[in-house]
Amino acid sequence: MITFIYTKSEQDIEKEKVLTHIFKSVSKHIKLPDNIEVELKNLDMSVYGETMLDARFKNRVRLNANLSTKEVFKPFIHELVHISQTYSGKLGVYRNGTVMWEGKPYTTNKPLNEIPYKEHNKLPWEQEATYLQDKLLALILEHFDPK
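No experiment lies behind these values; they were computed from the predicted model shown. (Residues numbered from 1 in each chain as written. Predicted model: local features only at pLDDT ≥ 70, side-chain atom pairs only at ≥ 80, totals over all residues. Heavy atoms only, no water.)

J.: In this structure, what is going on with the side chain of Arg60? I would like to understand it.
T.: For Arg60, the location among the structural elements is in strand E4 (residues 60-64). Overall, the relative accessible area of 12% leaves Arg60 in the buried class. Here Glu37 takes part through its side chain, which lies 2.8 Å from a polar atom of the side chain of Arg60. (Helix = DSSP H or I, 4+ residues; strand = E, 2+ residues; numbered from the N terminus. Buried < 20%, exposed > 50% of the residue type's maximum accessible area, 1.4 Å probe, protein only. Polar contact = N/O pair within 3.5 Å; in protein donor to acceptor, adjacent residues only side chain to side chain.)

J.: What's the story with the packing of helix H2 (residues 73-87) against helix H4 (residues 124-142) in this structure? I'm lost.
T.: Describing two packed helices takes the angle between their axes plus the distance from one axis to the other. It is at 8 Å that the axes of H2 and H4 come closest, and there the two elements cross at 125°. Relative to H4, the element H2 is oriented oblique. Note that H2 runs across H4; the crossing there is right-handed. Listed contacts from H4 to Phe73, Lys74, Ile77, His78, Val81, His82 and Gln85 of H2 are Trp125, Glu126, Glu128, Ala129, Thr130, Leu132, Gln133, Asp134, Leu136, Leu137, Ile140 and Leu141. In terms of residue class, the contact of H2 with H4 is made up of 10 nonpolar, five polar and four charged. (Axes fitted to C-alpha atoms, helices over the stretch in contact; angles between N-to-C directions. Parallel < 35°, antiparallel > 145°, perpendicular 65-115°, else oblique. Left-handed = near helix turned anticlockwise from the far one by under 90°. Contact = heavy atoms within 4.5 Å. Nonpolar A, V, L, I, M, F, W, Y, C, P; charged D, E, K, R; others polar.)

Next up, the structure:
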């Protein structure tokens, strides 16, 4: 089940239906929690989505409210892969900022939120999410019917 959170935007029923369908479809292929939160918020134009790597919001995805229904597919699937990574214990971030990847501390030369985009895309959990997003998108589009 998805709980939708809106900040400074009106409810978008069409987007909710599509995101719910994507969640159900992706859940058939990767391990996800039964319940997640999707926050639709006006983000910087270069940010399509993000996963809340915070224990208080461990199952929350934030998507840019400015994206069209069609534009949310890839970022949402990408962020669902991150939810799966944290849910399965493959990826974790501790309160002190330590990142754990596949059971081992993963060190970076800067805090995660300060890593430039090009370096950020080279992080192993980002590479996995990018790879899986395309595979999952293809599987979903084969049988897509948001009704």
